[in-house]
Amino acid sequence: MRLLMLGGTEFVGRAVTEAALARGHEVTVFHRGRHEPPAGVTSLYGDRTHAEGLAALAGGEWDAVVDTWSGAPASVRDAARLLAGRAGRYVYVSSRSVYPHPTPRDADESAPLVEGGSPDEAGEVAYPQAKRGGELAAVREFGADRALLVRAGLILGPWENIGRLPWWLTRAARGGDMLAPGPRDLGVQYIDCRDLAEWTVDAVQSGLGGAYNLVGPPDHATMGSLLDACVRVTGGRAVLRWTDPEVILAAGIEPWQHLPVWIPPGELHDTMHGTVVTKALASGLRCRPVEETVADTWAWLRSIGGTAPQRPDRPRVGLDPETEAKVLAR
């Protein structure tokens, strides 16, 4: 196939690019030139936020376009409109954030969607509405059958530029008593970026369209299996101190932000870690073990000097050592 990646140099976009190249597909990467794309691609340069930023895409034909954009939906609209007659389908990597909070546990793709998303919005907009607007733009320009909406959940793995799994790995490598937010058997629902990429390439080849919740099954991992793996691959110097959610919350520690991935049992946990993925599994989604995701992310992190890249539009995650020590002392 001939694939056009809008992005393709970081995290999810890079994973899709690598997966497509590994299968022998021809990949064109449209990017701003800030990061080096994988070897073997054809690069086109431009900035889609500028008036003439898509000029490099004026010619060419592709079997599919893959777009991971999370900013103003009008950028998705403009790209999709320009490519509608020259690409077979449009894959938009969206988010499960398009479902309003709280969403009941076991909700599937038929769940209600957030209001306020517009494909023509060109200004700043909240993340859920930005992703929903991007979906609407892709569907409007390509049609429901030719637009594939990949509603990803929590994404982990090599090349992560948010900092969630890298923070846990770095903390485990530091050793000593380590705050572990309980319960230990609390389910964690995520997807390895490489599993997302493999499924996406398969889906394009199969001609899939419509919306898919793309994340691992709710029982695929737990906080215990995730943190055990972090301690093990970093040398076993940390000792997990499992702590009740009530103690953590009373200390002013914010779930998800201060302790990445973790959300205590309750309504929000059901929303983030309780999604039905029957449709994706039936269409071929395969999820590697959490131990493999953790080990490969640690290997990648060490290969780049131990510091993960950080998206400038996302706040840094993690808990400061002083607060952790105070909670453990109690």
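Residue positions are given per chain, counting from 1 as you read along its sequence in written order. With the structure being a predicted model, the display of local features is reserved for residues of pLDDT at least 70 and the display and counting of side-chain atom pairs for 80 or more, all residues being used for whole-chain, interface and lining totals. Side-chain figures throughout are based on the complete set of non-hydrogen atoms in the structure, without hydrogens or water.

A.B. asks: What should I look at first to understand the overall build of the protein in this one?
C.D. replies: Comment: elements are numbered from the N terminus, with helices defined as DSSP H or I runs of at least four residues and strands as E runs of at least two. Summing up its helical and strand segments, the protein has eleven helices and 13 strands in all. Along the three orthogonal principal directions, the C-alpha set of the protein runs to about 65 × 40 × 35 Å. Here's how the labels work: a residue is buried when its accessible area is under 20% of the maximum for its type, exposed when over 50%, partly exposed in between, all with a 1.4 Å probe on protein chains only. Each of the 330 residues in the protein was classed as buried or not, and the buried ones make up 54%. For the accessible areas, the method is Shrake-Rupley and the probe is 1.4 Å, while residue cover comes only from the protein chains on display. In the form shown here, the protein has an accessible surface area of approximately 13,800 Å², with 50% of it arising from carbon and sulfur atoms. When charges are tallied, Lys and Arg are placed among the positive residues and Asp and Glu among the negative ones, while His and the ends of the chain are skipped. The atoms used to mark charge sites are NZ of Lys, CZ of Arg, CG of Asp and CD of Glu. The averaged location of the 41 negative side-chain charges in the protein is 3 Å from the averaged location of its 34 positive side-chain charges.

A.B. asks: In this structure, what is going on with the environment of threonine 293? I would like to understand it.
C.D. replies: When you line up the elements, threonine 293 lands in helix H10 (residues 290-303). Its relative accessible area of 1% is what places threonine 293 among the buried residues. In sequence terms threonine 293 and proline 312 are 19 residues apart; their C-alpha atoms lie 24 Å from each other. Working rule for contacts: check all heavy atoms of both residues, and any pair within 4.5 Å makes them a contact. Each residue touching threonine 293, except ones within four places of it in the same chain, is listed here: Leu156, Gly157, Leu165, Tyr190, Asp192, Arg194 and Arg288. As used in this structure description, the phrase polar contact means that two N or O atoms lie within 3.5 Å; if the pair is within protein, one of them must be able to donate a hydrogen and the other to accept it, and residues adjacent in sequence are counted only when both atoms belong to side chains. A polar contact is formed between the side chain of threonine 293 and the side chain of aspartate 192, at a distance of 2.7 Å.

A.B. asks: What exactly am I supposed to notice about empty space enclosed by the protein here?
C.D. replies: Empty space among the atoms can be located by rolling a probe the size of a water molecule over them. Any residue with an atom within 4 Å of a point lines the site, the site being either a cavity, points on a 1 Å grid over the protein atoms alone where a 1.4 Å probe fits but cannot get out, or a pocket, an open set with protein on both sides within 12 Å along at least 5 of 7 lines. Grid points are joined across faces, edges and corners, and a volume is the space filled by probe spheres set on the points. Taken as a whole, this structure holds one cavity of 30 Å³ or more when the rule is applied. Of the pockets and cavities examined, the largest cavity occupies roughly 50 Å³. Every residue lining the largest cavity is listed: Arg96, Tyr99, His101, Thr103, Ala107, Thr271 and Thr275.

A.B. asks: Even after reading the chapter, I still don't get the pattern of salt bridges, so can you show me in this structure?
C.D. replies: Close approach of charged atoms allows side chains with opposite charge to pair. Between Lys or Arg on one side and Asp or Glu on the other, a salt bridge is scored when a side-chain nitrogen of the former is within 4 Å of a carboxyl oxygen of the latter. Applying the stated criterion to the full structure yields 24 salt bridges. Salt-bridge contacts for arginine 23 lead to glutamate 198; the nearest nitrogen and oxygen are separated by 2.4 Å. Of the two residues, arginine 23 sits in the loop between helix H1 (11-22) and strand S2 (26-31) while glutamate 198 sits in helix H5 (residues 193-206), which places them 175 residues apart along the sequence. As a salt-bridge pair, arginine 151 and glutamate 135 come within 2.9 Å of each other at their nearest N and O atoms. Pair noted here: arginine 151 is in strand S6 (residues 147-152) and glutamate 135 is in helix H3 (residues 127-142), with a separation of 16 residues, a long-range link.

A.B. asks: Explain the environment of glycine 284 to me, please; I cannot follow it from the model alone.
C.D. replies: Relative to the helices and strands, glycine 284 resides in the loop between helix H9 (278-282) and H10. We classify glycine 284 as partly exposed; its relative accessible area is 23%. A C-alpha to C-alpha distance of 25 Å links glycine 284 and proline 104, two positions 180 residues apart in sequence.

A.B. asks: Looking at this structure, I do not really get the pairing of strand S1 (residues 2-6). What am I missing?
C.D. replies: The two faces of the sheet receive side chains in turn, since in a regular strand these alternate between them. In terms of burial, S1 is largely enclosed, as four of its five residues are buried. When DSSP finds two or more bridges between two strands, those strands count as paired. Strand direction decides the pairing type here: S1 and S2, joined by five bridges, are parallel. Note on S2: the bridge partner recorded for leucine 3 is valine 27. Crossover connection from S1 via H1 to parallel S2: handedness right-handed. Strand direction decides the pairing type here: S1 and strand S4 (residues 62-67), joined by four bridges, are parallel. Bridged to leucine 6 within S4 is aspartate 67. Handedness of a crossover is defined as follows: with both strands directed away from the viewer, a clockwise route from the first strand across the helix to the second makes it right-handed.

A.B. asks: Can you walk me through the sheet that holds S2 in this structure?
C.D. replies: Two orientations exist for strands paired in a sheet by backbone hydrogen bonds: parallel and antiparallel. An order of S3-S2-S1-S4-S5-S6-S11 is seen for the seven strands of this open sheet, with the pairing classed as parallel. Among the strands making up the open sheet, the edge pair consists of strand S3 (42-45) and strand S11 (210-214). Going across the sheet, the axis of each strand differs from the next one's by a mean of 20 degrees, ignoring polarity. Taken together, the five bridges between S4 and strand S5 (residues 87-95) define a ladder with parallel strand orientation. Among the inter-strand pairings, valine 66 is bridged to a residue of S5, identified as valine 91. Axes here mean lines fitted to C-alpha atoms, for a helix over just the part in contact, with angles spanning 0 to 180 degrees between N-to-C directions. Across the sheet, H3 lies against S5 and S6, angled at about 165 degrees from S5, the strand it touches most.

A.B. asks: What should I look at first to understand the layout of surface pockets in this one?
C.D. replies: Each pocket or cavity is described by its volume, and for the second largest pocket that value is around 200 Å³. Forming the walls of the second largest pocket are Ile162, Gly163, Pro166, Trp167, Thr170, Gly306, Thr307, Ala308, Pro309, Gln310, Arg316 and Val317. Put simply, Ala, Val, Leu, Ile, Met, Phe, Trp, Tyr, Cys and Pro go in the nonpolar bin, Asp, Glu, Lys and Arg in the charged bin, and everything else, Gly too, in the polar bin. Class assignment of the residues belonging to the lining of the second largest pocket gives a composition of six nonpolar, five polar and one charged.

A.B. asks: Hey, could you run me through the pairing of S11 in this one?
C.D. replies: Counting buried positions over the five residues of S11 gives four, a clear majority of the element. Here S6 pairs with S11 via five bridges, running parallel. Following the sheet pairing, arginine 151 is matched in S11 by asparagine 213.

A.B. asks: Looking at this model, I keep getting lost on the packing of aromatic side chains. Mind explaining?
C.D. replies: In this description, a pair of aromatic rings is defined by centroid distance and the angle of the planes. When the centres of two rings from Phe, Tyr and Trp lie within 6.5 Å, Trp using its six-membered ring, the rings pair. Their planes under 30 degrees apart give stacked, over 60 give edge-to-face, and anything left gives tilted. Tallied over the full model, the rule gives three aromatic pairs. Measuring from centroid to centroid gives 5.2 Å for tyrosine 90 and phenylalanine 142, while their planes differ by 50 degrees, and the two rings are tilted. Here tyrosine 90 is found in strand S5, whereas its partner phenylalanine 142 is found in helix H3, with 52 residues between them in sequence. A residue is classified by how much of its surface remains accessible, and tyrosine 90, at 0% relative accessible area, is buried. A relative accessible area of 4% places phenylalanine 142 in the buried class. Seen in terms of ring centroids, tryptophan 167 and tryptophan 168 are 4.9 Å apart; in terms of plane orientation they differ by 75 degrees. Their pairing is edge-to-face. A relative accessible area of 0% means that tryptophan 168 is categorised as buried. One Lys or Arg, lysine 279, reaches over the ring of tyrosine 212 and ends 4.3 Å from the middle of that ring. In this scheme, Lys NZ or Arg CZ marks a charge over a ring once it lies within 6 Å of the ring centre and within 35 degrees of the ring normal. For the cation-ring pair, arginine 314 lies above tyrosine 127, with the distance from its terminal atom to the ring centre recorded as 5.2 Å.

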